[in-house]
Amino acid sequence: MALKAVHVSDVPNLDQIPEKSSLALYPTCFSQGIEIERTLLKSSKFLVIGHRGNGMNSLQSVDRRMKAVKENSIISFNAAANYPIDFIEFDVQVTKDDCPVIFHDDFILTQENGTVYERRITELSLAEFLSYGPQREEGLAGKPLMRKTKDGKIVSWIVETDDSACTLKEAFEKVNPSIGFNIELKFDDHIVYQQDHLSRVLQAVLHVVLEYAKGRPIIFSSFQPDAALLVKKLQSSYPVFFLTNGGTEIYYDVRRNSLEEATKLCLEGGLEGIVSEVKGIFMNPGAVNKIKESKLSLITYGKLNNVPEAVYMQHLMGIDGVIVDFVEEVTEAVCNLMKKPEEGEDEILLEGEEKVQNRPQFSQRELSFLLKLIPELIQ
């Protein structure tokens, strides 16, 4: 029998790293700002993190918010910083001349004389990478930027507020210093990487962090298990999280296929936490307690995190934070859902005004019911 989608508010009221690595000296180099970041993770504060800045771009979406600001750009990062968020999340890859740049897709596409050309980001030089899209130098035209959608269609990358491609160094220099960086170390899912390659890439990233991070809170994360383990060995100051689909997709590397495997990897490698697709959490809510009992932090990502009620449910479940696209809407909702009403606030109403609750009110029994119901709803 097909299940009808139910809005949460409609639920009835039921009662080996090389020994001579130069980065072996890193552990004590990042002291300023580290305690700030650790305090955030260990406190009861519920973190809100802007996905690729102020939200990812979905060029075929009918929702204009998904095409409002160029993702993974300085403009997007600072737009997100206008709201009460704790971190912005973005994707870092390293060019062939060892410069960390910010870009999500493995390939970058352009069109010339009606023909579409694609290049792997890691096979470009920095100058080549920066030649795509809008240019910072006035009067200079960049190559038109295209993007391949999930269904294989090639579309022009057009957004309301565009911006130039940027480097990790630029992000440190130009983004509001009060905002933490969740740096996703991006690798191609279809490539088996050797440790020498991973080490070269990660050292390039860490050299930039060492020089420019100063007091900014930093979290590293990666879907690539060996990269996550290696960046933890290369430095001990910033926390490292393992990214996982939580079992919603299956990969050749079994370490990527479940929350249980993610937890095992973190514990064996000394990582600080997990970032999971939120569907993986809702399909297996019992994993939350096991992760928390293992003293690991837990953050989620995914489209459901743009639904305030789904975010609030995660708060009740003990999840530490969410990565979201609709930064303005979700931060406002989080503030409203989680603020404590002042004494007597509920009783003071203007004439004709109806009493409105700021947040869903769930008893322990109701929460138990919802946790059992949600896995079926999202299957």
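Scoring rules and cut-offs
Starting from 1, residues in each chain are numbered consecutively following that chain's sequence as written. Only residues with pLDDT of at least 70 are given local features in this predicted model, and only at 80 or more are side-chain atom pairs given and counted; all residues enter the totals for whole chains, interfaces and linings. Only hydrogens and water are set aside; all other atoms, that is, all heavy atoms of the structure, feed into the side-chain values. UniProt positions are given in the numbering used here, feature names are shortened, and annotations may be inferred rather than shown by experiment. Going along the chain from the N terminus, every DSSP run of H or I of four or more residues is numbered as a helix, and every run of E of two or more is numbered as a strand. For the exposure calls, accessible area comes from a 1.4 Å probe over protein chains only, and a residue counts as buried if that area is under 20% of its type's maximum, exposed if over 50%, partly exposed in between. To measure how exposed things are, a 1.4 Å probe is used in the Shrake-Rupley method; for residues, cover is taken only from the protein chains shown. For our purposes a nonpolar core is just a set of buried Ala, Val, Leu, Ile, Met, Phe, Trp, Tyr and Cys residues, chained together by side-chain atoms within 4.5 Å. We call two residues in contact whenever any of their non-hydrogen atoms come within 4.5 Å of each other. Helix axes use the C-alpha atoms of the stretch in contact, all axes being lines fitted to C-alpha atoms, and the angles between their N-to-C directions lie in the range 0 to 180 degrees. The scheme is simple: roughly parallel for angles under 35 degrees, roughly antiparallel for over 145, roughly perpendicular for 65 to 115, oblique for anything else. We call a crossing left-handed when the near helix sits turned anticlockwise from the far one by less than a right angle, and right-handed when that turn is clockwise. By the convention adopted, Pro, Cys, Tyr, Trp, Phe, Met, Ile, Leu, Val and Ala count as nonpolar, Lys, Arg, Asp and Glu as charged, and the other residues, Gly among them, as polar. Think of a 1 Å grid over the protein atoms and nothing else: a 1.4 Å probe that fits but is trapped marks a cavity, an open set flanked by protein within 12 Å on at least five of seven lines marks a pocket, and residues with an atom within 4 Å of a point count as lining. Grid points are joined across faces, edges and corners, and a volume is the space filled by probe spheres set on the points.

- The name an unreviewed UniProt entry assigns to the protein is glycerophosphodiester phosphodiesterase, from the organism Datura stramonium.
- You can read under Catalytic activity (unreviewed entry) in the UniProt record for the protein the words "a sn-glycero-3-phosphodiester + H2O = an alcohol + sn-glycerol 3-phosphate + H(+)".

**Concerning the overall build of the protein**
Alright, step 1. Along the protein, the regular secondary structure elements total 12 helices and 14 strands.
Alright, step 2. Split into buried and exposed, the 379 residues of the protein put 51% on the buried side.
Alright, step 3. Accessible area of the protein: about 19,400 Å², with a carbon and sulfur share of 51%.

**What about the nonpolar core?**
Alright, step 1. Within the largest apolar cluster, 68 residues are counted, with the highest numbers of intra-cluster contacts made by Ile 183 and Phe 220.
Alright, step 2. Excluding its chain neighbours within four sequence positions, the residues that come into contact with Ile 183 are Phe 90, Val 92, Leu 168, Phe 172, Val 209, Ile 218, Ile 219, Phe 220 and Ser 221.
Alright, step 3. Judged by nonpolar contacts, the second largest core, of 14 residues, contains Leu 59, Val 101, Leu 124 and Trp 157.

**A few points about the packing of helix α5 (residues 195-212) against helix α6 (residues 225-234)**
Alright, step 1. Across the interface, α5 lies against α6 with an axial gap of 10 Å and an inter-helix angle of 55°. Here α5 lies oblique to α6, going by the angle between them. Seen along the crossing, α5 lies across α6 with a hand that is right-handed. Every residue of α6 that contacts α5 at Gln 195, Leu 198, Ser 199, Leu 202, Gln 203 and Leu 206 is listed here: Asp 226, Ala 227, Leu 230, Val 231 and Leu 234.
Alright, step 2. Residues of the contact of α5 with α6, tallied by class, amount to 7 nonpolar, 3 polar and 1 charged.

**Some details on the packing of helix α10 (residues 308-317) against helix α11 (residues 327-338)**
Alright, step 1. At a minimum axis distance of 10 Å, the contact between α10 and α11 shows a crossing angle of 50°. The orientation of α10 with respect to α11, classified from their angle, is oblique. In the crossing of α10 with α11, the sense of the turn from one axis to the other is right-handed. Counting all contacts with α10, which are made through Pro 308, Val 311, Tyr 312 and His 315, the residues of α11 involved are Val 330, Ala 333, Val 334, Leu 337 and Met 338.
Alright, step 2. Grouping the constituent residues of the contact of α10 with α11 by class yields 8 nonpolar, 1 polar and no charged.

**Points about the side chain of Asp 188**
Alright, step 1. Mapped onto the fold, Asp 188 is located in the loop between β9 (180-185) and α5.
Alright, step 2. Asp 188 sits in the buried class, given a relative accessible area of 7%.
Alright, step 3. Leaving out residues up to four positions away in the same chain, Asp 188 has contacts with Asp 106, Phe 107, Arg 120 and Tyr 193.

**Describing empty space enclosed by the protein**
Alright, step 1. If you add up the space inside the largest cavity, you get close to 140 Å³.
Alright, step 2. In terms of lining, the largest cavity is formed by 17 residues, of which the most central are Lys 70, Glu 71, Asn 72, Phe 103 and Ala 165.
Alright, step 3. Among the residues making up the lining of the largest cavity, the classes are represented as 9 nonpolar, 5 polar and 3 charged.
Alright, step 4. Empty space within the second largest cavity amounts to approximately 40 Å³.

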